[in-house]
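Chain and residue survey
Chain residues, written in single-letter form:
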Amino acid sequence: MEHLKSLFTILFLITFSPLTVTVAGKIPAILVFGDSTVDAGNNNYIPTVARSNFEPYGRDFVGGKPTGRFCNGKIATDFMSEALGLKPIIPAYLDPSYNISDFATGVTFASAATGYDNSTSDVLSVLPLWKQLEYYKEYQTKLKAYQGKDKATDTINDSIYLISIGTNDFLENYFAFPGRSSQYSVGLYQDFLAGIAKDFVKKLHELGARKISLGGLPPMGCMPLERATNLGTGGECVGRYNDIAVQFNGKLEKLVEQLNKELPGSNVVFSNPYEPFMRIIKNPSSFGFEVVGAACCATGMFEMGYGCQRNNPFTCTNPDKYVFWDSFHPTQKTNHIMANALMNSTFAHFL
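A brief look at the structure comes next. (Residues numbered from 1 in each chain as written. Predicted model: local features only at pLDDT ≥ 70, side-chain atom pairs only at ≥ 80, totals over all residues. Heavy atoms only, no water.)

Mapped onto the secondary structure, S271 falls in strand β5 (residues 267-271). Excluding anything up to four places from it in sequence, S271 contacts S213, L214, G215, G216, L342 and T346. (Helix = DSSP H or I, 4+ residues; strand = E, 2+ residues; numbered from the N terminus. Contact = heavy atoms within 4.5 Å.)

Turning to the sheet that holds strand β2 (residues 106-108), a few remarks are in order. Taking strand neighbours across the sheet as the criterion, the five strands line up as β2-β1-β3-β4-β5 in an open arrangement whose pairing is parallel. Each having just a single partner strand, β2 and β5 make up the two edges of the open sheet. Going across the sheet, the axis of each strand differs from the next one's by a mean of 15°, ignoring polarity. When strand β1 (residues 30-34) meets strand β3 (residues 160-164), the two strands line up parallel, connected through five bridges. Paired with F33 across the strands is I163, a residue of β3. Strands β1, β2 and β3 of the sheet are contacted by helix α5 (residues 129-147), whose axis makes an angle of about 155° with β1. Against the sheet, helix α9 (residues 186-206) contacts β1, β3, β4 (211-215) and β5, and its axis sits at roughly 160° relative to β3. (Pairing = 2+ DSSP bridges. Axes fitted to C-alpha atoms, helices over the stretch in contact; angles between N-to-C directions.)

A few words on the pattern of salt bridges. Opposite charge on two side chains allows them to pair when their charged atoms are near. As enumerated under the stated definition, the model contains nine salt bridges in all. Between R310 and E55 there is a salt bridge, with its nearest N and O atoms 2.6 Å apart. Placement of R310 in the loop between β6 (291-295) and β7 (322-324) and of E55 in the loop between β1 and α2 (76-83) is noted, with a sequence separation of 255 residues between them. Owing to a relative accessible area of 58%, R310 belongs among the exposed residues under this scheme. Relative accessible area serves as the criterion here: at 33%, E55 is assigned to the partly exposed category. The closest approach of N and O atoms between R59 and D60, which form a salt bridge, is 3.9 Å. (Salt bridge = Lys/Arg side-chain N within 4 Å of Asp/Glu carboxyl O. Buried < 20%, exposed > 50% of the residue type's maximum accessible area, 1.4 Å probe, protein only.)

Written out as structure tokens, the structure is:
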């Protein structure tokens, strides 16, 4: 028993202890691609319903401002940027209130509700991954005009490239509509997505990226929405979805090994959120949480986006007690814990 207590204490300290970066100058920027886990508001500026630029989203952000982050406050990449000594938040590329001087030290091209699969981005008319790459090419042009070619090349080569995507491909596409599931078995669909991930990383490398973090899937079967629809289990996690996440993560990890052999000068790292997130879910009280099976917003079971209305009487008063903010997305506190965990593991390879 004492051994177990010591183990949990060590995990707690590792997860909570923010990384003190003494070589922050070597990382000029964090450049981000992906879905709602890392979208800071790009969807505010495209015609889609996949938005969160309204209250109560952002109520714990600086100034209580809803920014388009699917959270009550900051998302994980904001905390990572701060830990690297860059800036307290990473802005959205399409936000007109920022310009290249802001983006030079970090920017996100991510779009909520997107996926590796173009058909996933089509569901809610959001930015597909290829479009995010086009915006990145545009960014490079602006950066060279702003910093000069030589300095911009250094920024491009030395920055950290973070990719966080894939959950929507399964939960909002494969298992939600008959299209892909009629074409592929789950295993073959995983291979299809991994192939897209490989091509995307190779294209980033061709454009100068060297430090690339390829993110895996969280325990997606434990999201409140999935628990709420897991009828007859008393709100347990959907084991099948978690198994698929573990399987896909295994394929991405092998892909990363392959990419490091194929791409000269590259440092591609697999960033696995599954285990640190599952530790929170299994032992929420160890991290100061009281509620893990339901979200803070509204009833905590089904609502996200426009379902999280400002004046919903069921929305919680203290989101720090909750692992999830809405039925799909973590609270700011959870994001902070996850950011610290990944900083102390994945990002340590880049420092």
